[in-house]
Amino acid sequence: MTIRPILIHPDPRLKKLCDPVAAIDDEIRKLADDMLATMYEAPGIGLAAPQIGVMKRVFVMDCVKDKDAAPEPMVLINPEITWSSEETNVYEEGCLSIPEQYAEVTRPAEVRMRWLGLDGQSHEEQFDGLWATCAQHENDHLNGKLFIDYLGAMKRSMITRKMEKLKRERAREGKEPGLA
Ligand code: NI
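Residues numbered from 1 in each chain as written. Predicted model: local features only at pLDDT ≥ 70, side-chain atom pairs only at ≥ 80, totals over all residues. Heavy atoms only, no water.

**So, the coordination of the nickel ion**
Thought 1: Protein coordination at the nickel ion comes from Cys 95 (SG), His 137 (NE2) and His 141 (NE2), with a distance range of 2.1 to 2.3 Å.
Thought 2: In the primary sequence, the donor residues of the nickel ion line up as C-x41-H-x3-H. Taken together, the positions of Cys 95 in strand β4 (residues 88-95) and His 137 in helix α2 (residues 129-141) put the pair 42 residues apart, joining distant regions of the chain. The residues Cys 95 and His 137 share a single accessibility class, namely buried. (Donors = N, O, S within 2.8 Å, 3.2 Å for Na, K, Ca; no water. Helix = DSSP H or I, 4+ residues; strand = E, 2+ residues; numbered from the N terminus. Buried < 20%, exposed > 50% of the residue type's maximum accessible area, 1.4 Å probe, protein only.)

**Digging into the nonpolar core**
Thought 1: With 17 residues, the main nonpolar core has Phe 59, Met 61, Met 74, Leu 76, Met 113 and Phe 127 as its most contacted residues.
Thought 2: The set of elements that each furnish at least two residues to this core consists of β2 (58-61), β3 (74-84), β6 (111-116) and α2.
Thought 3: Residue contacts for Phe 127: discarding those within four places in its chain leaves Met 61, Met 74, Ala 109, Glu 110, Val 111, Met 113, Trp 115, Ala 132 and Ala 135.
Thought 4: Formed by 15 residues, the second largest nonpolar core is a distinct cluster that contains Leu 31, Leu 36, Leu 47 and Val 60. (Core = buried A, V, L, I, M, F, W, Y, C linked by side-chain atoms within 4.5 Å. Contact = heavy atoms within 4.5 Å.)

**What to know about the side chain of Glu 93**
Thought 1: Positionally, Glu 93 belongs in strand β4.
Thought 2: We classify Glu 93 as buried; its relative accessible area is 3%.
Thought 3: Every residue in contact with Glu 93, bar those within four places of it in the chain, is listed here: Gln 101, Tyr 102, Ala 103, Val 105, Arg 107, Thr 133, His 137 and Phe 147.

**Let's talk about the sheet that holds strand β1 (residues 46-48)**
Paired through backbone hydrogen bonds, the strands of a sheet run either parallel or antiparallel to each other.
Thought 1: Read from one edge of the open sheet, five strands run β1-β2-β3-β6-β7, paired in antiparallel fashion. The open sheet has two edge strands with one neighbour each: β1 and β7 (122-127). The mean angle between the axes of side-by-side strands here comes to 40°, regardless of whether they run parallel or antiparallel.
Thought 2: Strand direction decides the pairing type here: β3 and β6, joined by five bridges, are antiparallel. In the sheet register, Trp 83 faces β6, and the bridge partner there is Arg 112.
Thought 3: Against the sheet, helix α1 (residues 26-41) contacts β1, β2 and β3, and its axis sits at roughly 40° relative to β2. (Pairing = 2+ DSSP bridges. Axes fitted to C-alpha atoms, helices over the stretch in contact; angles between N-to-C directions.)

**A word on α1**
Thought 1: With 16 residues, α1 extends 22 Å between its outermost C-alpha atoms, agreeing within 8% with the 22 Å of an ideal straight helix rising 1.5 Å per residue.
Thought 2: Three or more residues of α1 are buried, namely Ile 28, Leu 31, Ala 32, Asp 34, Met 35, Leu 36, Ala 37, Thr 38 and Met 39.
Thought 3: Check the buried side of α1 and you find it contacts β1, β2 and β3. (Expected span 1.5 Å × (residues − 1).)

**Points about the packing of aromatic side chains**
Thought 1: Taken as a whole and assessed by the stated rule, the structure comprises two aromatic pairs.
Thought 2: Measuring from ring centre to ring centre gives 6.0 Å for Trp 115 and Phe 127, while their planes differ by 25°; the resulting arrangement is stacked. With Trp 115 in strand β6 and Phe 127 in strand β7, this pair connects stretches of sequence that are twelve residues apart. Residue Trp 115 shares its accessibility class with Phe 127, and that shared class is buried.
Thought 3: By relative accessible area, Phe 127 is classed as buried at 3%. (Phe/Tyr/Trp six-rings, centres within 6.5 Å; stacked < 30°, edge-to-face > 60°.)

**Points about the environment of Val 21**
Thought 1: You can see Val 21 is positioned in the segment before α1.
Thought 2: Considering only alpha carbons, one finds Val 21 and Ser 157, 136 residues apart in sequence, at a separation of 33 Å.
Thought 3: The residues contacting Val 21, other than those within four sequence positions of it, are Ile 28, Lys 56, Arg 57, Val 58, Ile 77 and Asn 78.

Here it is, written out as structure tokens:
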């Protein structure tokens, strides 16, 4: 397992539509392992492939909050939302690609998703609570959409400016190889 560097917004790769995965092979299994390791290390509750610069429709999540509870790592390949509730929920969201910035986002409270598992089988499950919010947030990443795209233009550009500053600082410290 390899901890991969997480791209920081703004980055053109975070704005692109990702490609479907054609087959579950060693490359995808390695990608899933690396993504879970990178997510847990961050730490975060979800991570999408484009956030590590891989333009494929894959995300991982584990929304178990209790540190003493068993982890529930999930790998969703080619996910699709097949149903969304009319009832909505508001969560204060953050993103590993937009560190230390949080804002309230309204989304359907429950969603049903269908995806391909690492076992090559089709899975379908209904998510609620934090799992539903996380699944929708990560699914958005595969379509080049970030949680700040749900905010007003003022708030969004304020956050983007902060991230540009953060990237300049990291580049100076030599932490952002892409910019150094
Ligand atoms: Ni995110």
